[in-house]
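Letter by letter, the chains look like this.
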Amino acid sequence: EAQVTQNPRYLITVTGKKLTVTCSQNMNHEYMSWYRQDPGLGLRQIYYSMNVEVTDKGDVPEGYKVSRKEKRNFPLILESPSPNQTSLYFCASSPGGPGGYTFGSGTRLTVV
Amino acid sequence: AQSVTQLDSQVPVFEEAPVELRCNYSSSVSVYLFWYVQYPNQGLQLLLKYLSGSTLVKGINGFEAEFNKSQTSFHLRKPSVHISDTAEYFCAVITNFGNEKLTFGTGTRLTIIP
């Protein structure tokens, strides 16, 4: 089944403790992206990647890092999480062109 | 920079009544337009998309949308809603076909009243 898999689905952590949210797609898509969803703000892009080893900032990249060492994986790294990063995170992938994005099921992160 | 406006944050509708969810975008260049649906505690699912050609686009679950270039709108419609349509709906646009950046509106929560 074609899908984008994120892990974990739920995570509660403490301020300053580094964490990684994994994202993997099995569709051989070129483009991958991370979004955060907050009430009243919709989804905002954090980082995106156009191919292996090619990543760039989205609209809200502060406090996040990403890497794209393999085509299928695009982990999101929070080196020192803060409470304002409490949010619902989505990973998505696209073949490019008019294909549209396929979204993962989301990761609900709480930073206390 | 492009933006997407969904003027209605919440829309209550009686079951079997018609509904229209409004979306306007700001862009002076060609666009791809999308509607996504998010059911409670789930990810986003593509409802329909406009790429080019016919301005009336049909999607899944009986939804359709009409692209209006002069009004820069892409409103979503359904002639008769069901309880199962209760969800949040997001309009989104791609204007930069190089980086495939998908810009979202703030969402409209559709509540169906039995």
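Residues numbered from 1 in each chain as written. Chains lettered and ligands numbered in written order. Predicted model: local features only at pLDDT ≥ 70, side-chain atom pairs only at ≥ 80, totals over all residues. Heavy atoms only, no water.

## Re the pairing of strand S5 (residues 32–38) of chain B
If a strand is regular, its side chains alternate between the two faces of the sheet. Residue and element names in this part refer to chain B. Counted only if it meets this: Partly exposed residues are those whose accessible area sits between 20% and 50% of the maximum for their type, while under 20% is buried and over 50% is exposed, using a 1.4 Å probe and protein chains only. Where helices and strands are cited, they refer to DSSP runs of H or I of at least four residues and of E of at least two residues respectively, numbered from the N terminus. Two strands are counted as paired when DSSP detects at least two bridges linking them.
Across the seven residues of S5, seven count as buried, placing the element largely inside the fold. Going residue by residue along S5, you find Tyr32, Phe34, Tyr36 and Gln38 tucked away on one face and Leu33, Trp35 and Val37 tucked away on the opposite face as well. Where S5 and strand S10 (residues 87–94) come together, seven bridges link them in antiparallel fashion. Bridge pairing links Trp35 to Cys91 in S10. Sheet analysis places S5 next to strand S6 (residues 44–50), joined by six bridges and oriented antiparallel. By the bridge assignment, Phe34 is partnered in S6 with Lys49. Joining the antiparallel neighbours S5 and S6 is a turn of five residues, in which Asn41 adopts a positive phi near 60°.

## Quick notes on the pattern of salt bridges
Filter applied, for reference: When a carboxyl oxygen of Asp or Glu lies within 4 Å of a side-chain nitrogen of Lys or Arg, that pair is called a salt bridge.
Enumeration over the complete set of coordinates arrives at eleven salt bridges over all chains. Across the salt bridge formed by A:Arg44 and A:Asp38, the nearest N and O atoms sit 2.8 Å from each other. Note on A:Arg44: relative accessible area 27%, which makes it partly exposed. Look at A:Asp38 and you get buried, because its relative accessible area is 10%. For B:Arg22, the salt bridge goes to B:Asp8, with nearest N and O atoms at 3.0 Å. Taken together, the residues B:Arg22 in the loop between strand S3 (19–21) and strand S4 (24–26) and B:Asp8 in the loop between strand S1 (3–5) and strand S2 (10–14) connect sequence positions 14 residues apart. Among the residues examined, B:Arg22 registers a relative accessible area of 32% and is labelled partly exposed. Within the structure, one salt-bridge network assembled from shared partners comprises A:Arg36, A:Asp38 and A:Arg44.

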